[in-house]
Amino acid sequence: MGEMKTQARLMVKKFGGTSVGSVERIEAVAARVWEDIQQGQRPVVVASAMSGETNRLVRLAGEIDPFNRGMAYDMLLASGEQVSIALLAMALEKRGIRAVPLLAHQVGIQTDSVYSKARIQGVKSERLMRLVDEGVVPVVAGFQGVTLEDRITTLGRGGSDTTAVALAAALGSSACEIYTDVPAVFTADPRLVPKAKEVPFLSFEEMMEMASLGSKVLHFRCVELAVKFGVKIHVRSTFEKREGTWVVPEGERMEAPVVSSVTHDGQTVVFKLFPVPFGPGFLAELFEHLAEKGVVVDIITQSQNEEGQRLAFSVNEEDRPLVEKTLQTRLPEGSQVVVMDQMAKISTVGVGMRNHPGVAARFFKVLHELNIPLHLVTTSEIKISAVIDKENLPRAAQSLHRAFSLEED
Ligand code: ADP
Ligand code: ASP
Ligand code: MG
C-alpha cells in the first residue's frame, strides 16, 4: 500500500452518514475541518453517503432485481458518496479552504472485482500527497473502489471506515480518525443497552472480534487493515470535541477485563435443512456455491441421528435472497428448508476470556434465567455467540451486560 512515509500532522478524517446527514451537518463538518487546519493539521477527508441514502439505493435496486449484486448494483450504490463529497468540498471552499472532491478511481483505490463486497488491493498515494503538499484538502468518496478494468465496486455496507484506514496506511500515517454519531466505542451498543459505558482503549483483536460479530461501529475490514499496517483508530464524536476510543495493539491498553463488550448483530437469518445427504460432500458443494455468489456464511452446525443429517447455518439478512435462490437449485430431493428470520446474534467478547474459565457457564445461565431459546451457538478463544429471536435481544443484551459487570466503574 505505498511506501511508508512519516507525514507529521497529516490526518485522515472519516465522517459517517449521520455526520453528513444534512446540509447543516455538512457545514458543521467543514467548520471543524477548518479549525483543525488552523491548528496546523493537514487533513485528508473521507465521507460516507448522507444517512439513509445507501439504504434508499438498495431498496430501488431491490424493486428491479433483488438478486443482482453486479456491476450495475455497485454503480448505483456508489453514487451516494459522490453527492456528499461534492457538498462537503463546496462547504470547505466557502470557508476559503481549497478542497478537491475525489472519487475512488481518481485517487486510485484499486479493488478486486467482487461486486458489493470488494476488497481494497492497493491505494495510490501520489495524487493525494501532491494535493496535501499544495495545501489542498482531498475529500475522498468512501465505500467505493475501482477494478483494474476501470469498473466501480463497493466495499460492503459500512465500508467507508475501510477507505479511511486504507488511505492512512497508503499515506504512511500512524493513526486515523473515525468521526461518528456516538462519542466512542461502548461496552455495548448504547442504543440497545442504555447503561453501556465508553471504552477508552480497545485492543485491535477485540475490535476485530466485535466488528466481525456485527457491531456496526467499525467495518470489519478496516480493523483488519489497521492491524496489518499498524494504523491506530480513533473513534470519536462529530458533535463533541473530546477524545473517544483508541483502538490500539494489545500491549498498549490500560486494563484487560474478562469480558470487554456485549455485541449484537440484528440482521441474522438462520436456514435449517433436513434431511441432507450424509457426509461432508453435500456441505462442500453447497458452501462452494454460496461462496461463489459472495455469501458469507456465519455459524454452521450439523448433527445426525437415525433419521438423517441436519444442517443449520446463519447469514446476514442482505444475503437471504441469494441463499434462497441457491437452495432452489441445489437442495436434494426430499430435503425441507426452514428459514428463520427476525433473528439476532448476541455475543460476549474479551481477550481476558482466554484465562478465565466459567464465562460460557455464566453466559448460558443468564439466557436460561430469562427463558430465552437459543437457535445456534458458537465460541472461540475470546468470544461466545448465540443466535436468539430478535424480540429477546434487548433483554438478553442488558442482562448479559449487567452479569459481566460492564456497567460498574
Ligand atoms: P457511521 O454512519 O458514522 O459510520 P454507523 O451507524 O455505521 O455510523 O456506526 C455507528 C453506530 O454503531 C452507532 O450509532 C451505534 O448505534 C452503533 N454501535 C453498535 N455497537 C456499538 C458499540 N459497541 N459502541 C458504539 N456504537 C455502537
Ligand atoms: N454509505 C455506505 C453504507 O451506508 C458506506 C458507509 O456508510 O460506510 O453502507
Ligand atoms: Mg459506519
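Use the structure listed above.
Being a predicted model, the structure only gives us computed values, none of them experimental.

Thresholds applied
- Residues numbered from 1 in each chain as written.
- Chains lettered and ligands numbered in written order.
- Predicted model: local features only at pLDDT ≥ 70, side-chain atom pairs only at ≥ 80, totals over all residues.
- Heavy atoms only, no water.
- Helix = DSSP H or I, 4+ residues; strand = E, 2+ residues; numbered from the N terminus.
- Rg over C-alpha atoms; globule rule 2.2 N^0.38 Å.
- Buried < 20%, exposed > 50% of the residue type's maximum accessible area, 1.4 Å probe, protein only.
- Areas by Shrake-Rupley, 256 points an atom, 1.4 Å probe, with all protein chains shown as cover.
- Patch = residues over 30% accessible without salt bridge, like charges linked within 9 Å, V, L, I, M, F, W, Y side chains within 5 Å.
- Salt bridge = Lys/Arg side-chain N within 4 Å of Asp/Glu carboxyl O.
- Pairing = 2+ DSSP bridges.
- Axes fitted to C-alpha atoms, helices over the stretch in contact; angles between N-to-C directions.
- Contact = heavy atoms within 4.5 Å.
- Core = buried A, V, L, I, M, F, W, Y, C linked by side-chain atoms within 4.5 Å.
- Near = heavy atom within 4 Å.
- Polar contact = N/O pair within 3.5 Å; in protein donor to acceptor, adjacent residues only side chain to side chain.
- Nonpolar A, V, L, I, M, F, W, Y, C, P; charged D, E, K, R; others polar.
- Expected span 1.5 Å × (residues − 1).
- Arc of directions from axis to C-beta.
- Phe/Tyr/Trp six-rings, centres within 6.5 Å; stacked < 30°, edge-to-face > 60°.
- Lys NZ or Arg CZ within 6 Å of the ring centre and 35° of its normal.
- Right-handed = clockwise from strand over helix to strand, strands pointing away.

Student: When you look at the overall build of the protein in this model, what are you seeing that I'm missing?
Tutor: Check the secondary structure of the protein and you find 13 helices and 18 strands. Taking 22 Å as the expected radius of gyration for a compact globule of 409 residues, we find that the protein reaches 22 Å, a close match to that expectation. Scored against the burial criterion, the 409 residues of the protein give a buried share of 52%. Put simply, the protein shows about 18,400 Å² of open surface, and 51% of that area lies on carbon and sulfur atoms.

Student: What should I look at first to understand unusual backbone geometry in this one?
Tutor: With glycine set apart, most residues show a phi of negative sign, and most peptide bonds adopt trans. In this model, Phe274 is joined to Pro275 through a cis peptide bond whose omega is -15°. Summarising the element assignment, Pro275 is placed in strand 13 (residues 261–276). Its identity is not glycine, yet Asp150 carries a phi of approximately 70°, on the positive side. Structurally, Asp150 can be placed in the loop between strand 7 (144–146) and strand 8 (152–154). Within the chain, Asn371 stands out as a residue other than glycine whose phi angle is a positive 60°. Positionally, Asn371 belongs in the loop between helix 12 (359–369) and strand 17 (376–380).

Student: How should a nonpolar patch on the surface be read in this particular structure?
Tutor: Residues Phe364, Leu374 and Val377 make up a contiguous nonpolar surface patch of roughly 200 Å² in combined accessible area. Tracing the sequence through the fold places Phe364 in helix 12. Overall, the relative accessible area of 30% leaves Phe364 in the partly exposed class.

Student: Explain the sheet that holds strand 11 (residues 232–237) to me, please; I cannot follow it from the model alone.
Tutor: What links the strands of a sheet is backbone hydrogen bonding, and the strands pair in either a parallel or an antiparallel sense. The eight strands lie next to each other as 3-6-2-1-9-11-12-10, forming an open sheet whose pairing is mixed. Each end of this open sheet is capped by a strand with a single partner; those strands are strand 3 (99–102) and strand 10 (201–203). Taken pair by pair, the neighbouring strands of this sheet meet at an average axis angle of 20°, ignoring direction. The strands touched by helix 8 (residues 204–212) are strand 10, strand 11 and strand 12 (245–248); relative to strand 10, the strand with the most contacts, the crossing angle is about 80°.

Student: Can you walk me through the nonpolar core in this structure?
Tutor: Nonpolar side chains in soluble globular proteins tend to be buried together. Counting residues in hydrophobic clusters, the biggest one holds 46 residues, and the most contacted among them are Val12, Val140, Leu167, Leu218 and Ile233. Among the elements that take part in this core, helix 7 (residues 160–170) stands out by supplying seven residues, more than any other. Setting aside residues no more than four positions away along its own chain, Ile233 makes contact with Val165, Cys176, Ile178, Leu218, Cys222, Val223, Ala226, Thr245, Trp246 and Val247.

Student: Help me understand the site of ligand 1, please; the structure alone is not making it clear to me.
Tutor: Around ligand 1 sit 17 residues, and of these Thr180, Asp181, Phe186, Asp189 and Arg191 come closest. Here an oxygen atom of ligand 1 sits 2.9 Å away from a polar atom, N or O, in the side chain of Asp189. For ligand 1, an oxygen atom lies 2.5 Å from a polar atom in the side chain of Arg191. When grouped by side-chain class, the residues that make up the shell around ligand 1 number eight nonpolar, four polar and five charged.

Student: Mind showing me how you'd approach the side chain of Ser116 here?
Tutor: Along the chain, the position of Ser116 falls in the loop between strand 4 (109–111) and strand 5 (120–123). In this view, Ser116 contacts Arg69, Tyr73, Asp74, Thr154, Leu155 and Gly156; residues no more than four positions away in its chain are not counted.

Student: Could you clarify how one ought to interpret helix 4 (residues 79–94) in this entry?
Tutor: Because each turn of an α-helix spans 3.6 residues, side chains separated by three or four positions end up pointing in the same direction. In this model helix 4 runs 23 Å from its N-terminal to its C-terminal C-alpha over 16 residues, within 8% of the 22 Å that 1.5 Å per residue would give. What helix 4 keeps buried is the set Gly80, Glu81, Ser84, Ile85, Leu88, Ala89, Ala91 and Leu92. Viewed along the axis of helix 4, the buried residues span an arc of 160°, placing them on a single side of the element. Away from its buried face by more than 90 degrees, helix 4 exposes Met90 and Lys94. Residue Gly96 follows helix 4 closely and has a positive phi angle near 80°.

Student: What's the story with the site of ligand 2 in this structure? I'm lost.
Tutor: Neighbouring residues of ligand 2: Ser48, Ala49, Thr54, Glu81, Phe143, Arg157, Gly158, Gly159 and Ser160. The contact in question runs from a nitrogen atom of ligand 2 to an N or O atom on the side chain of Thr54, over 2.8 Å. Separating an oxygen atom of ligand 2 from a backbone N or O atom of Ser160 is a distance of 3.0 Å. The fraction of the free accessible surface of ligand 2 (260 Å²) that becomes covered by protein chains is 87%. A breakdown of the residues in the shell around ligand 2 according to their chemical character gives two nonpolar, five polar and two charged.

Student: Would you take a moment to explain the packing of aromatic side chains for this structure?
Tutor: Here a ring pair, both rings aromatic, is described through the centre-centre distance and the interplanar angle of the planes. If you walk through the whole model with that rule in mind, you get four aromatic pairs. A centroid spacing of 4.6 Å and a plane angle of 15° characterise the contact between Phe15 and Tyr179, whose relative ring orientation is stacked. With Phe15 in strand 1 (residues 10–15) and Tyr179 in strand 9 (residues 175–180), this pair connects stretches of sequence that are 164 residues apart. Take Phe15: its relative accessible area is 0%, and that puts it in the buried class. Plain terms: the ring middles of Phe271 and Phe313 are 5.6 Å apart, the flat faces sit at 15° to each other, and that makes the pair stacked. Remark: Phe313 occurs in strand 15 (residues 308–316) and Phe271 occurs in strand 13; sequence separation between them is 42 residues. Take Phe271 and Phe313: they sit in the same class, and that class is buried. Taken together, Phe271, Phe287 and Phe313 form an aromatic cluster joined through their ring pairs. Here the basic side chain of Arg69 rests over the ring of Tyr73, its NZ or CZ set 5.0 Å away from the ring centre.

Student: When you look at the pairing of strand 1 in this model, what are you seeing that I'm missing?
Tutor: Along strand 1, six of the six residues are buried, which leaves the element largely enclosed by surrounding structure. Of the two faces of strand 1, the one holding Leu10, Val12 and Lys14 and the one holding Met11, Lys13 and Phe15 are both buried throughout. Bridge count for strand 1 against strand 2 (residues 42–47) is six bridges, and the pairing is parallel. Paired with Lys13 across the bridge in strand 2 is Val45. In this view, the connection linking strand 1 to its parallel neighbour strand 2 by way of helix 1 (residues 23–38) has right-handed handedness.

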